[in-house]
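Topology and contacts: notes
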Amino acid sequence: MWMQITAIDMNKDTYEMGLPVIKKAGVEHKINFIQSQALSALDELLKDDATRGSFDFAFVDADKVNYQKYHERLLQLVKVGGIIVYDNTLWFGTVAMPEEFVKEELKPTRFYSIEFNKFLANDDRVQISQVPLGDGITICWRL
Ligand SMILES: C[S@@+](CC[C@H](N)C(=O)[O-])C[C@H]1O[C@@H](n2cnc3c(N)ncnc32)[C@H](O)[C@@H]1O
């Protein structure tokens, strides 16, 4: 079956940085890069009935303040049994630290990350596993 990757980033440089490797692997034709704010791109994808519930896998590594909004949209785009992975859910370990030990510059995202982690833990539309790999990833199995 024809497999395709939809990649969204508001900054094309990020995609172009990886492009030589993508080309070397001969998979450029499989990637649909959308240069856009993620929320509007996801909303566009949701307008298409053929796209809803069609994705096997989603990986999110963008602005943490919007993770919950991405989650609501991805639940509609990823098929039941599919996987959604969120990056940086430990936020340098700060989500488990008392606030007084956290550097000022990490505090805003720490707050969003804690709120999002609590939200996911109570979301019965997914089964989750928090993996202490890198900066923490949360794997969600779409139920
Ligand atoms: C930490 S980088 C990760 C890039 C890529 N996932 C990787 O691992 O190489 C975060 C990326 O999210 C993009 N980004 C941040 N906020 C975004 C938004 N609201 N909409 C679309 N892209 C966004 C940035 O441009 C940046 O390329």
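Throughout this document, residue positions are counted from 1 along each chain, in the order its sequence is written. Given that the model is predicted, a residue must reach a pLDDT of at least 70 before its local features are reported, and side-chain atom pairs must reach 80 or more before they are shown or counted; all residues, however, enter totals for whole chains, interfaces and linings. Note that water and hydrogens are dropped before the side-chain values are worked out from all heavy atoms of the structure.

As annotated in an unreviewed UniProt entry, the chain carries the name caffeoyl-CoA O-methyltransferase and comes from Solanum verrucosum. UniProt positions are given in the numbering used here, feature names are shortened, and annotations may be inferred rather than shown by experiment. What UniProt records for the chain under Sequence similarities (unreviewed entry) is the sentence "Belongs to the class I-like SAM-binding methyltransferase superfamily. Cation-dependent O-methyltransferase family." Recorded under Pathway (unreviewed entry), the UniProt text for the chain is reproduced unchanged: "Aromatic compound metabolism; phenylpropanoid biosynthesis."

Examined at the domain level, the chain breaks down into domain 1 (1-35) and domain 2 (50-142). Put simply, the middle of domain 1 and the middle of domain 2, counted by C-alpha atoms, are 23 Å apart. Where each domain starts and ends comes from a domain assignment, either automatic or drawn from a database.

Our next topic: the pattern of salt bridges. Counted as salt bridges are all cases of a side-chain nitrogen of Lys or Arg within 4 Å of a carboxyl oxygen of Asp or Glu. In total, this model carries nine salt bridges according to the counting rule given. The salt bridge partner of D56 is K79, with a shortest N-O separation of 2.8 Å. Of this pair, D56 sits in strand β3 (residues 55-60) while K79 sits in strand β4 (residues 78-87); the two residues are 23 residues apart in sequence, bridging distant segments of the chain. The cut-offs for exposure are 20% and 50% of the maximum accessible area for each residue type, with area from a 1.4 Å probe on protein chains only; residues under the lower value are buried, those over the upper are exposed, and the others partly exposed. The partly exposed category is assigned to D56, whose relative accessible area is 39%. Look at the salt bridges and you will find they share partners, linking E72, D123 and R125 into a network. Numbering goes from the N terminus for both helices and strands, where a helix is a DSSP run of H or I of at least four residues and a strand is a run of E of at least two.

Another point: the side chain of T89. You can see T89 is positioned in the loop between β4 and α4 (107-121). For T89, the contacting residues outside a window of four places in its chain are V95, N117, Q130, D135, G136, I137 and T138. Should any heavy atoms of two residues lie within 4.5 Å, those residues are considered in contact.

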